[in-house]
Amino acid sequence: IEEMEAAILDGIQWYLNPPTSLSFIRQIMEMVPSYLLPNREAVYELAQFQTELAIFNIDLCTASASAVAYASFLNALESLNMTESEIEAISIILDAYMPCKNVSDIQTSLYKSVMDQPVDAVRKPRSNKSSKSMDSSSSHKMSPRSSIAA
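Residues numbered from 1 in each chain as written. Predicted model: local features only at pLDDT ≥ 70, side-chain atom pairs only at ≥ 80, totals over all residues. Heavy atoms only, no water.

**Topic: the packing of helix H4 (residues 65-79) against helix H5 (residues 84-97)**
The geometry of H4 relative to H5 is characterised by a closest axis approach of 11 Å and an angle of 165° between their N-to-C directions. In terms of axis orientation, H4 runs roughly antiparallel to H5. Considering only the axes of H4 and H5, their crossing is right-handed. Between H4 and H5, the residues in contact are Tyr70, Phe73, Leu74, Leu77 and Glu78 and Ile87, Ile90, Ser91, Leu94 and Asp95, respectively. Here the residues of the contact of H4 with H5 are counted per class, giving seven nonpolar, one polar and two charged. (Axes fitted to C-alpha atoms, helices over the stretch in contact; angles between N-to-C directions. Helix = DSSP H or I, 4+ residues; strand = E, 2+ residues; numbered from the N terminus. Parallel < 35°, antiparallel > 145°, perpendicular 65-115°, else oblique. Left-handed = near helix turned anticlockwise from the far one by under 90°. Contact = heavy atoms within 4.5 Å. Nonpolar A, V, L, I, M, F, W, Y, C, P; charged D, E, K, R; others polar.)

**A few points about the environment of proline 33**
Here proline 33 lies in the loop between helix H2 (21-31) and helix H3 (40-54). When its relative accessible area of 25% is taken as the criterion, proline 33 is described as partly exposed. Expressed as a C-alpha distance, the spacing of proline 33 and isoleucine 90, which sit 57 residues apart in the sequence, is 8.7 Å. If we skip the residues at most four places from it in the chain, proline 33 touches Arg40 and Ile93. (Buried < 20%, exposed > 50% of the residue type's maximum accessible area, 1.4 Å probe, protein only.)

**A short note on the nonpolar core**
Core analysis: the largest hydrophobic core is formed by 31 residues, its most contacted members being Val32, Leu37, Val43, Phe73, Leu77 and Ile90. Residue contacts for valine 43: discarding those within four places in its chain leaves Met29, Leu37, Phe73, Ala76, Leu77 and Leu80. (Core = buried A, V, L, I, M, F, W, Y, C linked by side-chain atoms within 4.5 Å.)

**Focus on unusual backbone geometry**
At asparagine 81, a residue that is not glycine, the phi angle is positive and equals roughly 60°. Considering the arrangement of structural elements, one finds asparagine 81 in the loop between H4 and H5. For asparagine 81, a relative accessible area of 11% puts it in the buried group.

**Regarding the packing of H2 against H4**
Remark: H2 packs on H4, axes separated minimally by 8 Å, with the N-to-C direction vectors making an angle of 55°. Relative to H4, the element H2 is oriented oblique. The hand of the H2/H4 crossing is right-handed. Side by side, H2 and H4 meet where Ser21, Phe24, Ile25, Ile28 and Met29 of the first sit next to Ala65, Ser66, Val68, Ala69, Tyr70, Ser72 and Phe73 of the second. By residue class, the composition of the contact of H2 with H4 is nine nonpolar, three polar and no charged.

Purely spatial values, then, with no claim about function.
Following this line, the structure appears as structure tokens:
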């Protein structure tokens, strides 16, 4: 029995915990073609920041890790001033694989979590590769970090 347990654990590479929001973010990033997501590093960092804040948000305790990841990802796209048509194209891909309910409510809750942070606690993405501006004045929607990332 112990040998079989060891074989199973080796086979699953000791992945015993349920997936986290951050692991879902990684999966989402893999699903989106690179031509639709030119600044992957910045999107990842913005989404990661929000998933970390979600841990402390009581409103999100019952939200699934995949829904938090999806909402964080969409907020990150909005924060990088992607157009609605670009976000819609990405959403169509994601909805086919991971439909989530109440994403807009989770997005709003994550936005409030970001806005509750002191300005010096909000990190800028390290990537400068994007041709998109991170200036809040051109953001088409109020979204996390769009008003505080400069």
